[in-house]
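# Descriptive structure summary
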Amino acid sequence: MRKEIKEKLLHNKNTSLEQARLARIAPDVPKAHVIQYVHNYVCYKFFLNPEDWKDELLYHLAEKSIEEAIHMKIPFAKESEMATTCGAAGSAAVKVGLLMVAIKKDFQVEIPSHKMAFAKNTEALGELVYAAMHEA
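Every value quoted in this text rests on a predicted model; they were computed, and no experiment measured them.

A few words now on the nonpolar core. Generally speaking, nonpolar side chains in soluble globular proteins are found buried as a group. Ranked by size, the top nonpolar core spans 30 residues in total, and within it Val42, Ile103, Phe107 and Leu125 carry the most contacts. Taken together, the elements giving at least two residues each to this core come down to helix 1 (2–24), helix 2 (31–45), helix 3 (58–72), helix 4 (91–107) and helix 6 (122–133). Counting residues per element, this core draws most heavily on helix 4, which supplies 7 residues.

Listed below in structure tokens is the structure:
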């Protein structure tokens, strides 16, 4: 069981990184493709199937990711992670915040935090990534 979990985690990590690489591969990647790569990236990071989670809020994706981690019995995912923490920021909010940091790193873009804060779904996030990739 542990081996299967480790393999799934590694697969999702590598697949998400591949999505970021595909978005960066050429300067003329169409906007729609970048948006799809960002959507896929987020879903793989969150252990979700990209086909099943179109047009969802990032916060809901993060919540579902926590549920999936608990279901998979990933050691760091505990029932206590469903509770709210300091400042009314729950684990899902923290997960979205960490996702924003990972997006900047893996897609190699600089996006101001105040802009990322308004990205409510993967499409809006993809548009920000596309815009950052094409700023000169």
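Now that the structure has been shown, the text picks up again.
One way to put it is that helix 1 packs onto helix 2 with a least axis distance of 8 Å and a crossing angle of 165°. Considered as vectors, helix 1 and helix 2 are oriented roughly antiparallel to each other. Crossing handedness for the pair helix 1 and helix 2: left-handed. Along its contact with helix 1, which presents Asn12, Thr15, Ser16, Gln19, Ala20, Leu22 and Ala23, the element helix 2 presents Tyr37, Asn40, Tyr41, Tyr44 and Lys45. When grouped by side-chain class, the residues that make up the contact of helix 1 with helix 2 number 6 nonpolar, 5 polar and 1 charged.

What the rule picks out here adds up to 5 salt bridges. In this structure, the salt-bridge partner of Glu18 is Arg21, at a minimum N-O distance of 2.7 Å. Of the two residues, Glu18 and Arg21 both sit in helix 1, 3 residues apart, roughly one turn of that helix. Looking at Arg21, the relative accessible area reads 35%, which means it is partly exposed. One salt bridge in this structure joins Lys64 and Glu67, with 3.2 Å as the shortest N-O distance. Here Lys64 pairs with Glu67, and both are found in helix 3, just 3 residues apart, close to one helical turn. By relative accessible area, which is 31% here, Lys64 ends up partly exposed. It is possible to trace a salt-bridge network through shared partners that takes in Lys45, Lys105 and Asp106.

Parameters at a glance
Residues numbered from 1 in each chain as written. Predicted model: local features only at pLDDT ≥ 70, side-chain atom pairs only at ≥ 80, totals over all residues. Heavy atoms only, no water. Core = buried A, V, L, I, M, F, W, Y, C linked by side-chain atoms within 4.5 Å. Buried < 20%, exposed > 50% of the residue type's maximum accessible area, 1.4 Å probe, protein only. Helix = DSSP H or I, 4+ residues; strand = E, 2+ residues; numbered from the N terminus. Axes fitted to C-alpha atoms, helices over the stretch in contact; angles between N-to-C directions. Parallel < 35°, antiparallel > 145°, perpendicular 65-115°, else oblique. Left-handed = near helix turned anticlockwise from the far one by under 90°. Contact = heavy atoms within 4.5 Å. Nonpolar A, V, L, I, M, F, W, Y, C, P; charged D, E, K, R; others polar. Salt bridge = Lys/Arg side-chain N within 4 Å of Asp/Glu carboxyl O.

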